[in-house]
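Tertiary structure, described
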Amino acid sequence: MKDSLVHVYLMPGMAANPSIFKNIILSEQTFKVHWLAWFVPEKKMTLKEYAIKMCTRIKHDNSVLLGVSFGGMLVQEMAKYKQFKKIIIVSSVKNKSELPKRMRFAKYTRIHKILPTGLVNNVEILAKYAFGENTTKRLALYEEYLSVRDKRYLDWAIDQIVNFNPKEEVKNLIHIQGEKDPVFPIKNIKNCIPVKNGTHTMIIHRAKWFNEQLPTIILE
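This report concerns the structure included in the present document. (Residues numbered from 1 in each chain as written. Predicted model: local features only at pLDDT ≥ 70, side-chain atom pairs only at ≥ 80, totals over all residues. Heavy atoms only, no water.)

What to know about the overall build of the chain
- A count of helices and strands for the chain gives eight helices and six strands.
- Tracing the chain from N to C terminus, the helices and strands come up as β-β-α-β-α-β-α-α-α-α-β-β-α-α.
- Split into buried and exposed, the 220 residues of the chain put 51% on the buried side.
- Residue pairs at least 24 apart in sequence account for 65% of intrachain contacts in the chain once pairs closer than 6 positions are excluded.
- With the model as given, the accessible surface of the chain reaches about 11300 Å², and the carbon-plus-sulfur share is 52%. (Helix = DSSP H or I, 4+ residues; strand = E, 2+ residues; numbered from the N terminus. Buried < 20%, exposed > 50% of the residue type's maximum accessible area, 1.4 Å probe, protein only. Contact = heavy atoms within 4.5 Å. Areas by Shrake-Rupley, 256 points an atom, 1.4 Å probe, with all protein chains shown as cover.)

Take a look at the structure:
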């Protein structure tokens, strides 16, 4: 019997585990949702090599791949090595021109190399890196979501972000961006679906919007 379900793979953002998607509920009659998780890269591993290895975790052909933030950058790289029905990126960027100036500046000054990633067990610092938020109000929440705290992974991820520079834009790509994203400001973003009052963590805090809109975005 042919599988009639649309398989949707979800890739979290930097340092986040897949539980950020726990409130994303799609109809089980139409969709089958699969969570992807970060693994610690091998030494000197390129984004290409990482993407190829992550592609081995995609078990269904012509599936939909959604990535959040740095996960959105990764899924664009994955699309070069496996055929997907659609690529969706959330709170992310499509090229280096959409990166904020401070990140483009870091590429040339290499100042990101001295960031205190050794303090990854300090969740406040990690939340600032990953979510662009400096708050203690949601600390318990971030304790749950930001569990990928390996220093090698964080150093690698930050380096990949500031050096993100794909040669071509991915086909069949949908970009969803919050109007109040402090990490990747929407003023730098072209060709996206804007989410009113959406922040960098809107996949968590605006799950209702995604549950209402994703089915149409995926199937159209």
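That shown, we press on.
As for the sheet that holds strand 6 (residues 193–195)
- Strand order across the open sheet formed by six strands is 2-1-3-4-5-6, with parallel pairing between neighbours. Two strands bound the open sheet, and with one partner strand each, they are strand 2 (31–35) and strand 6. If you compare each strand with its neighbour and ignore which way they point, the axes differ by 20° on average.
- Here strand 5 (residues 173–178) pairs with strand 6 via three bridges, running parallel. Following the sheet pairing, G178 is matched in strand 6 by V195. (Pairing = 2+ DSSP bridges. Axes fitted to C-alpha atoms, helices over the stretch in contact; angles between N-to-C directions.)

Points about the pattern of salt bridges
- For the structure shown, the criterion picks out five salt bridges.
- Notably, a salt bridge pairs D155 with K151, separated by 2.6 Å at the nearest N-O pair. Remark: K151 and D155 occur in helix 6 (residues 151–162); sequence separation between them is four residues, near one turn of the helix.
- The exposure class assigned to K151 is partly exposed, which follows from its relative accessible area of 43%. (Salt bridge = Lys/Arg side-chain N within 4 Å of Asp/Glu carboxyl O.)

Regarding the side chain of S19
- With respect to the helices, strands and loops of the structure, S19 is situated in the loop between strand 1 (6–11) and strand 2.
- At 2.3 Å, the side chain of S19 and the side chain of N17 are in polar contact. (Polar contact = N/O pair within 3.5 Å; in protein donor to acceptor, adjacent residues only side chain to side chain.)

Brief notes about the layout of surface pockets
- Counted as a void, the second largest pocket has a volume near 280 Å³.
- Around the second largest pocket, the lining is made up of 13 residues, and of these A79, K80, E169, V170 and K171 lie nearest the centre.
- For the lining of the second largest pocket, the per-class residue count stands at four nonpolar, two polar and seven charged. (1 Å grid on protein atoms, 1.4 Å probe; cavity = no way out; pocket = protein on both sides within 12 Å on 5 of 7 lines; lining within 4 Å. Points joined across faces, edges and corners; volume = space filled by probe spheres on them. Nonpolar A, V, L, I, M, F, W, Y, C, P; charged D, E, K, R; others polar.)

Focus on empty space enclosed by the protein
- Under the definition given, this model contains two cavities of 30 Å³ or more.
- Of the volumes computed, that of the second largest cavity is approximately 40 Å³.
- Lining the second largest cavity are M73, Q76, E77, K80, F164, P166, E168 and V170.
- Here the lining of the second largest cavity is composed, by residue class, of four nonpolar, one polar and three charged.

These values are about where atoms sit, not about what they do.
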